Amino acid sequence: MKYYLIVGEASGDLHASHLMQSLKEIDREADFRFFGGDLMMAVGGTCVRHYRELAYMGFVPVLLHLPTILGNMRMCKRDIRDWQPDCVILVDYPGFNLKIAKYVKSRTSIPVYYYISPKIWAWKEYRIKNIKRDVDELFSILPFEVDFFEGKHHYPIHYVGNPTADEVREFKESGVRRQESGGGSQESGDGSQEPVIALLAGSRKQEIKDNLPTMLETVKHYEKTYRIVVAGAPGIEPDYYRTFMAGSQTEIVFGKTYELLAQSHAALVTSGTATLEACLFRVPQVVCYKLPLPKIASYVRKRLIKVKYVSLVNLIADREVVTEVLDENYTVDFIRQELRKILDGPDRQTMLDGYAEVDRRLGHQKAPDETARMIYQLLNK
């Protein structure tokens, strides 16, 4: 079978590479062509464009690079038409991918499959019309999306499990396990017995700039009794972090987020996949996300964003398991107060009980394996 995949960022490259590997295991004739990245290239196939040539975020960068974006889109459409794959697999990245889906559906008979559905439950819900019209099958990695798509919009989808849950479980099974002890303190990588507070301040420079200084100020009080360790994001140079960490006793590690979480007693985390990772490692957390111009941002968020929560943990549980510090509450004193509750207060065990519920809701299917199996079956009907 010939599979054409399209991703637009690093996380898509990761998830698509796992899906490709799963497809190879059940289809020995699998042939891949893709807009992707290094991880997909390592699996095999032909990379038409690297996602670095696609990944423009924000209104101004998109406007400045509009000719390049439109050129890439035209090339992608032409390449799909010329190669005639057995299916097109879109991975997240809805701004680009939904336009490709529209073209493929209207101009060809090639089936369109969407892996990791667009988060239209948060905003741009109007895109459901495009999905219903242009996407043959949608594969979701978040269990609450089933009710949104099927219950609210009467569009059947497949929940296939969660890749982050897969990756954390595989990490634990590989022999690196968190050792529970009385206060949660455990031996860290350098032999230290001090308990660890982890800081996960986001994956983009703007997020780090907005959140890390407040996080560092919040935990300064604990530097004598805890190791404070920042999880460095891929692609962000160490010197960028050092501009915020000067004068503190904080450490930083790169490429070892799971190792860090496996030995952490608590964490301050920006919204995103990191909140789910902390949950799956059973690390109590405070979710801190600073928005520019908080009063205006709060007003806009309440009117445009369609969900009650920003963290995946709370969205999956459908209730407040972790405290989310946003808008006008985003102060050092308030975050420190919430951190204190989960370091040694009664809220710690309550949060851990909530984590168990989230883990149960995620289930134990392996998302890439389940998706590959379904796609292969659909193509062989």
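Quick caveat: nothing in here was measured; it's all calculated off a predicted structure. Each chain has its residues counted from 1, running along the sequence as written. Thresholds applied to this predicted model are a pLDDT of at least 70 for local features of residues and 80 or more for the giving and counting of side-chain atom pairs; totals over whole chains, interfaces and linings are not thresholded and use all residues. The basis for every side-chain value is the complete set of non-hydrogen atoms in the structure, without hydrogens or water.

Visitor: Help me understand the sheet that holds strand β13 (residues 323-325), please; the structure alone is not making it clear to me.
Guide: Strands in a sheet are paired, the pairing made by backbone hydrogen bonds, and the direction either parallel or antiparallel. On the basis of which strands lie adjacent, the open sheet formed by 6 strands has the order β10-β9-β8-β11-β12-β13 and parallel pairing. Two strands close off the open sheet at either side, each with one partner strand: β10 (251-254) and β13. Adjacent strand axes in the sheet meet at a mean angle of 25° when their direction is disregarded. Should DSSP find at least two bridges between two strands, the strands are regarded as paired. For helices the rule is a DSSP run of H or I covering at least 4 residues; for strands it is a run of E covering at least 2, with both sets numbered from the N terminus onward. Summarising the sheet, strand β8 (residues 196-200) and strand β9 (residues 227-232) pair through 4 bridges and their orientation is parallel. Its bridge partner lying in β9, Val196 is registered against Arg227. Whether two residues are in contact is decided by their heavy atoms, any of which lying within 4.5 Å being enough. To obtain an axis, a line is fitted to C-alpha atoms, over the contacting stretch when the element is a helix, and the angle between two such axes runs from 0 to 180 degrees between their N-to-C directions. Against the sheet, helix α10 (residues 238-245) makes contact with β9 and β10, and its axis sits at roughly 160° relative to β10, the strand it touches most.

Visitor: I would appreciate a short explanation of the confidence of the model for the chain in the present structure.
Guide: Regions with low pLDDT should not have their predicted coordinates read in detail. Each residue carries a pLDDT score, the predictor's confidence in it, ranging from 0 to 100. Per-residue pLDDT for the chain averages 89, and the proportion of residues at 70 or more is 87%. Below pLDDT 50 for its whole length, residues 56-60 participates in 6 contacts with residues either more than four positions away or in separate chains. Low pLDDT, under 50, characterises residues 176-191; the predicted model gives this stretch 31 contacts beyond four residues in sequence or across chains.

Visitor: Whenever I open this one, the environment of His158 confuses me. Can you help?
Guide: You can see His158 is positioned in strand β7 (residues 158-159). Whether a residue is buried, partly exposed or exposed follows from its accessible area with a 1.4 Å probe, protein chains only, as a fraction of its type maximum: under 20%, in between, or over 50%, in that order. Using a relative accessible area of 24% as the deciding quantity, one classes His158 as partly exposed. For the pair His158 and Met374, spaced 216 residues apart in sequence, the C-alpha to C-alpha distance is 9.2 Å. Excluding its chain neighbours within four sequence positions, the residues that come into contact with His158 are Glu137, Leu138, Phe139, Ser140 and Met374.

Visitor: Explanation requested: the pairing of strand β3 (residues 46-50) in the structure shown.
Guide: Every other side chain in a regular strand lies on the same face of the sheet, so the side chains alternate between the two faces. In terms of strand pairing, strand β2 (residues 31-36) meets β3 through 4 bridges, oriented parallel. Bridge pairing links Phe34 to Cys47 in β3.

Visitor: Help me understand helix α12 (residues 273-280), please; the structure alone is not making it clear to me.
Guide: The α-helix advances 3.6 residues per turn, and as a result positions three or four apart in sequence lie on the same side. For α12, the buried fraction is high: 7 of the 8 residues fall into the buried class. Within the span of α12, buried status applies to Ala274, Thr275, Leu276, Glu277, Ala278, Cys279 and Leu280. Looking at the residues trailing α12, positive phi occurs at Arg282, about 60°.

Visitor: Mind showing me how you'd approach the packing of aromatic side chains here?
Guide: The geometry of an aromatic ring pair comes down to the distance between the two centres and the angle between the two planes. By convention, a stacked pair of Phe, Tyr or Trp rings (six-membered ring in the case of Trp) has centres within 6.5 Å and planes under 30 degrees apart, an edge-to-face pair has planes over 60 apart, and any other such pair is tilted. Applying the stated criterion across every chain yields a total of 14 aromatic pairs. Residues Trp121 and Phe144 carry aromatic rings whose centres are separated by 4.9 Å and whose planes lie at 80° to one another, so their mutual orientation is edge-to-face. Of this pair, Trp121 sits in the loop between β5 (112-115) and α6 (128-134) while Phe144 is found in the loop between β6 (137-140) and α7 (145-152), placing the two residues 23 residues apart along the sequence. Aromatic rings pair up to connect Phe35, Tyr93 and Phe96 into one cluster.

Visitor: Please clarify how the packing of helix α15 (residues 332-344) against helix α16 (residues 347-362) should be interpreted in this entry.
Guide: Two quantities define a packed helix pair, namely the angle between the axes and the distance from one axis to the other. Two numbers describe how α15 lies on α16: the axes approach to 5 Å, and their chain directions differ by 80°. Taken together, the axes of α15 and α16 lie roughly perpendicular to each other. Side by side, α15 and α16 meet where Lys341, Ile342 and Leu343 of the first sit next to Asp347, Arg348 and Met351 of the second. Throughout, the ten residues Ala, Val, Leu, Ile, Met, Phe, Trp, Tyr, Cys and Pro are labelled nonpolar, Asp, Glu, Lys and Arg are labelled charged, and all others, Gly among them, are labelled polar. Its residues assigned to classes, the contact of α15 with α16 comprises 3 nonpolar, no polar and 3 charged. Should an angle lie under 35 degrees it is considered roughly parallel, over 145 roughly antiparallel, and from 65 to 115 roughly perpendicular; all remaining angles are considered oblique.

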